[in-house]
Amino acid sequence: MGDANMDISAPSAIEAILKDELKRGDLALNGVAPVLTHMLANSGGSLVSEAIVARLRGMLADLARQLLQATGAVNAGSGKPPVDPDVQSDLADHLAGDSVVLSHCYALAMEGHLSERLERKVGLDPVMSPLVQELIASTNQEIAELAIAILAAQSRFVQSQKRMEMPLGELPAELFHSLMRRWESFPGQINVEDFEGVLEQLKSSYDEGASRVGLFARAISAMQKGARAALELELAGFALFVSALSGLTRQPRELAILSCHERQLARLALGLRTTGLNEQEIERQFEILHPGQMLPDGLDKLLPEQAQAILNKSDPRRTY
Amino acid sequence: MENSDRLLASHGLTDNQDRLLSADDPLADIHLRCGGSIPGAIAIPELLDLVNQARIYGLKLARDFEVYDGQDLVSGFVRVHPQSEDVGGGCEILVENLKRTPLAIEDERVTSDRLNLIDRNTAEIAARLDRQQHLQFLFSEAKDGLGLKEAVEQEPGLNWANYVALEGVSHQQPLHWRLLDGARCTLPGSKRNWRARLLPLGNTIETPQGFELLLIADEPLTRAGEAEKLSKMDEQNHMRLIGSSLAPALRQPIARVVANAETIKSKLAGPLRQEYADYAGNIASAGQHLHVMLEDLADLEVVEAEGFSTAREKVDLIDAAERAAGILGVRAQARQISLTLPEQSKDSAAIGEFRRVLQILINLIGNAIAYSPEGSEVAISVESALNGKVSISVADQGDGISEDDAQRIFTKFERLGRNQDDGSGLGLYISQRLANAMEGDLSVSHVPDGGAQFILTLPAAG
């Protein structure tokens, strides 16, 4: 750029701002090529693939749609009012600014992506697993009801992933809260009548315990020692497996999902070891998730506590 | 799936400051083990965080939690449902799948290393000793450690046990360091209880090169009275439960009970046997009584709260009396009691808070109407005294009040053997507290022809 030829004897604020801005523009432009190359080259196995990005975009747009519809419904009375696509897209962009919400949606998109792949490659049913079936047949009425609720929630999830949707009620409470906050700061929000009322209504209809992830967490907790059985992918299915991994390793569920990606082998191995699975059992899960990948020898020599300590020190724990 | 027959294990309720108001057994048990009380702040750290979060977000949360309750590692799944402001703004807690697992016993050395680390971080006084436990230097952060510092400055280099008073160690000094490690002691000039730690320095623990001496206080240094005030405030917040939380929530249902009972009593919806109408009348009057009680209890909390004060404004006592008489006119008419109001005068202005004065007068005139014979007279008069006071009196023609009763009449819940249904026994107590808060007084005396006379005295205006 032409920096060197500029008159530097009279530096002004506007000059500094423009220079700064230009530099940022440079960075953005320079970034395009590597990202494109990366996407073209790695559409299958990369952590950020087109499929994931498209899904993410769809989920954010869906969140925006639900918020706008809630406003419309309260103000218009009943029915599902139409949503202005421009406003929806602006709001979706605005919501994407919340990196935690974004990360959560990303993890769910990854969950959808991975469970689809598992279905295709090894025939793992994304909705009904032998373990869920067993729970449904439980003589305990409450467990059986819980399992049926799980079945319904999971089939809704699979469906919504196909449609690239993200139901508001499926967000964890922190994210729901921060999404509401973020929404409040959306410039288009100023004109809405009784915004507080809309917020109140959305909040009162929210129940974390009824969300899919909440139901899984309840089931894992109810299974107590049996929860370890859910660490058997073929028995539990991917969704319950991930919840069990998260619950037993005290990792956020998002991170448990991402540890099943083929670029996160160490995280998965450490997570499974933390729960006390032995080398053979861990290998079995790897064969399903990452056929052909070799595990390092001597996992058994690593104590579960050591594995936990290593995991706890890893960086992404701060993001999730 | 052990214990799965009891998914819903425990139930609890919190208030708008995250205090546990009630809880079923397993939850209450853990809470108490963690050092809590009921009612009292939630003592289970993870649960407190969740309840706080749910309350602030206004969102229903569902999470698993884990806590060490002093004996076992307890884990479970909790659902927290925040309640709306008009029912107290607290949370409902449902704990399920509670599971106890004994905490894995940790390596002894790891434990002792950690304990040493904690002691190093909490010690307010630290010192360095030589191999014979003689003091080399002392470092004190404690405000009440000055006495010790002075003692050391006056006579440096002695065995450390000479500067402090060791408890329960009567043996000839110097003792082996292991026997002194953990000893309790008191320090010159400090009212607190201290614990001494001796940590050996050097390569071998058998022949230490010297010692690190740590003095750890049992309790933090508080400014005088602070702790007492804190606990008092806490107590008061509990006491305010009725007025601030319960009364607003109960007013509406009670009003509905009364209104419906009145409807039945007056047979608005059609013919009804007289007995049933009378029962409904009883329900209505009991409901009204409950309502009065509730208002009185709410008032009681207000006047008993620390720092309660009234506004200072100019109040015309005659005006206040007229308004009170107006409000109670119907009740007086029902018993054919005539209310005599004071004549206009210039000296009827007092300093106080109008609505509080009105509240007192309504209480006094209401009592007079209730306890006077039918067809009698209640006389209200205003008088200004010379000492910068002005008083208003309410005199009835009832049975009067004996000397003994006059002593007791202003105490809490005193009803002087009257067994009518109305009244909580709080009215006069509250009135007197209000009068006192306005720098006035409320007293009772006889009138010559036998009735009782209540006199409210307030500072005169101008």
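Please read all numbers here as calculations on a predicted model, not as lab measurements.

How each quantity is defined
Numbers given for residues are sequential positions, taken from 1 along each chain in its written order. Key to labels: chains lettered from A, ligands numbered from 1, both in the order written. Two thresholds apply to this predicted model, a pLDDT of at least 70 for residue-level local features and 80 or more for giving and counting side-chain atom pairs, whereas whole-chain, interface and lining totals are computed over all residues. Helix numbers and strand numbers start at the N terminus; a helix is a DSSP run of H or I with at least 4 residues, a strand a run of E with at least 2. By the convention adopted here, residues are in contact when the distance between their C-beta atoms, placed from the backbone, does not exceed 7 Å. Only Asp, Glu, Lys and Arg are considered charged, only Ala, Val, Leu, Ile, Met, Phe, Trp, Tyr, Cys and Pro nonpolar, and every remaining residue, Gly among them, polar. Two strands are said to pair when DSSP picks up at least two bridges between them. Axes, fitted as lines to C-alpha atoms, cover a helix only where it is in contact. Angles between the N-to-C directions of the axes lie from 0 to 180 degrees. Partly exposed residues are those falling between the two cut-offs: more than 12 but fewer than 20 other C-beta atoms within 10 Å of their own, whereas 20 or more means buried and 12 or fewer means exposed, with C-beta atoms placed from the backbone. Throughout this description, the term nonpolar core refers to a group of buried Ala, Val, Leu, Ile, Met, Phe, Trp, Tyr and Cys residues whose C-beta atoms join them within 7 Å. Throughout this description, any angle smaller than 35 degrees is read as roughly parallel, any larger than 145 degrees as roughly antiparallel, any in the 65 to 115 degree range as roughly perpendicular, and the remainder as oblique. Handedness of a helix crossing follows the sense of rotation of the near helix relative to the far helix, less than a right angle counterclockwise being left-handed and clockwise being right-handed. A helix's residues, less one, multiplied by 1.5 Å, set its expected span. The bend reported for a residue corresponds to the angle between axes fitted to the seven residues ending at that residue and the seven starting there.

J.: Looking at this structure, I do not really get the overall build of chain B. What am I missing?
T.: A count of helices and strands for chain B gives 12 helices and 19 strands. Considering only residue pairs separated by 6 or more positions, chain B has 56% of its internal contacts joining residues 24 or more positions apart.

J.: Where do I start with the interface of chain A and chain B in this structure?
T.: A common way to express how large an interface is: the accessible area buried when the components associate. Across the boundary between the two partners, chain A contributes 20 residues, which contact 17 residues of chain B. Counted by class, the side of chain A that touches chain B contains 7 nonpolar, 8 polar and 5 charged residues.

J.: Would you take a moment to explain the sheet that holds strand 17 (residues 389-395) of chain B for this structure?
T.: All names here are of chain B. Reading across the sheet, the 5 strands line up as 14-16-17-19-18 and stay open at both edges, with mixed pairing between neighbours. Each edge of the sheet is formed by a strand with only one pairing partner; in this case those strands are strand 14 (338-340) and strand 18 (441-446). Averaged over all pairs of adjacent strands, the angle between strand axes in this sheet comes to 15°, irrespective of strand direction. With 7 bridges connecting them, strand 17 and strand 19 (residues 452-459) associate as antiparallel partners. Following the sheet pairing, Ile-392 is matched in strand 19 by Leu-456. Seen against the sheet, helix 12 (residues 427-437) touches strand 18 and strand 19 and runs at an angle of roughly 125° to strand 18.

J.: Would you mind going over the environment of Ala-452 of chain B with me for this structure?
T.: Residue and element names in this part refer to chain B. Following the sequence through the fold, Ala-452 ends up in strand 19. For Ala-452, a count of 25 C-beta atoms within 10 Å puts it in the buried group. Separated by 53 residues in the primary sequence, Ala-452 and Asp-399 place their C-alpha atoms 7.3 Å from one another. Not counting residues up to four positions away in its chain, the partners in contact with Ala-452 are Asp-396, Gly-398, Gly-400, Ile-401 and Val-444.

J.: Mind showing me how you'd approach the nonpolar core here?
T.: If you look at soluble globular proteins, the nonpolar side chains tend to sit buried side by side. Counting residues in hydrophobic clusters, the biggest one holds 95 residues, and the most contacted among them are Cys-105, Phe-216, Ala-219, Ala-230, Leu-240, Phe-241 and Ala-244 of chain A. The contacts of Phe-241 of chain A, once residues within four sequence positions are left out, are Ala-230, Leu-231, Leu-233 and Ala-236 of chain A. Grouped together as the second largest cluster of nonpolar side chains are 39 residues, Tyr-429, Met-438, Ala-452 and Leu-458 of chain B included.

J.: Sorry if this is basic, but what is going on with the packing of helix 13 (residues 265-274) of chain A against helix 15 (residues 304-313) of chain A here?
T.: Two numbers describe a pair of packed helices, the interaxial angle and the distance between the axes. Residues and elements named next belong to chain A. Look at helix 13 against helix 15: their axes get within 8 Å of each other, and the N-to-C directions meet at 135°. It follows that helix 13 is oblique to helix 15 by the angle criterion. Between helix 13 and helix 15 the crossing geometry is left-handed. Note on element contacts: helix 15 touches helix 13 through Pro-304, Ala-307, Gln-308, Ile-310 and Leu-311, opposite Leu-270, Gly-271, Arg-273 and Thr-274.

J.: Just to check I follow, could you spell out the sheet that holds strand 11 (residues 194-201) of chain B for this structure?
T.: Sheets are built from strands that pair by backbone hydrogen bonding, the pairs being arranged parallel or antiparallel. Residue and element names in this part refer to chain B. The sheet built from 6 strands is open, its strands ordered 8-7-12-11-10-9 with antiparallel pairing. Edge positions in the open sheet fall to strand 8 (135-140) and strand 9 (165-166), since each of these has one partner strand only. Here 6 bridges tie strand 7 (residues 125-130) to strand 12 (residues 210-217), and the two strands are oriented antiparallel to one another. By the bridge assignment, Asp-130 is partnered in strand 12 with Gly-210. Helix 3 (residues 108-122) rests against strand 11 and strand 12 of the sheet, and its axis sits at about 70° to strand 12.

J.: Hey, could you run me through the pairing of strand 12 of chain B in this one?
T.: The two faces of a sheet get side chains in turn, since along a regular strand they alternate between them. With 8 bridges connecting them, strand 11 of chain B and strand 12 of chain B associate as antiparallel partners. Note that in strand 12 of chain B the partner of Arg-195 of chain B across the bridge is Ile-216 of chain B.

J.: For this particular structure, what's the right way to read helix 9 (residues 317-334) of chain B?
T.: Think of an α-helix as turning once every 3.6 residues; residues three or four places apart then point the same way. Residue and element names in this part refer to chain B. The end-to-end C-alpha distance of helix 9 is 25 Å, a good match for the 26 Å that 18 residues give at a rise of 1.5 Å each. At Leu-328, helix 9 shows its largest kink, close to 55°. Looking at helix 9, one finds that the buried residues are Leu-317, Ala-320, Ala-321 and Ala-324. Buried-residue contacts for helix 9 involve strand 13 (313-316), strand 15 (349-352), helix 10 (354-371), strand 16 (377-384) and strand 17. In the segment just after helix 9, Gln-336 is the residue with positive phi, at about 50°.

J.: I'm lost on helix 9 (residues 212-223) of chain A in this one. Help?
T.: Residue and element names in this part refer to chain A. Taking 1.5 Å of rise per residue, the 12 residues of helix 9 would be expected to cover 16 Å, and the 17 Å separating its terminal C-alpha atoms lies within 8% of that figure. Buried residues dominate helix 9, accounting for 12 of its 12 residues. Residues Arg-212, Val-213, Gly-214, Leu-215, Phe-216, Ala-217, Arg-218, Ala-219, Ile-220, Ser-221, Ala-222 and Met-223 constitute the buried set of helix 9. Looking one or two places after helix 9, you find Gln-224, whose phi comes out positive at around 50°.

J.: In this structure, what is going on with the pairing of strand 19 of chain B? I would like to understand it.
T.: Residues and elements named next belong to chain B. For strand 19, the buried fraction is high: 6 of the 8 residues fall into the buried class. The pairing of strand 18 with strand 19 spans 6 bridges and is antiparallel. Across the sheet, the residue bridging to Leu-442 is Leu-456, located in strand 19.

These results come straight from atomic positions and should not be treated as a statement about function.
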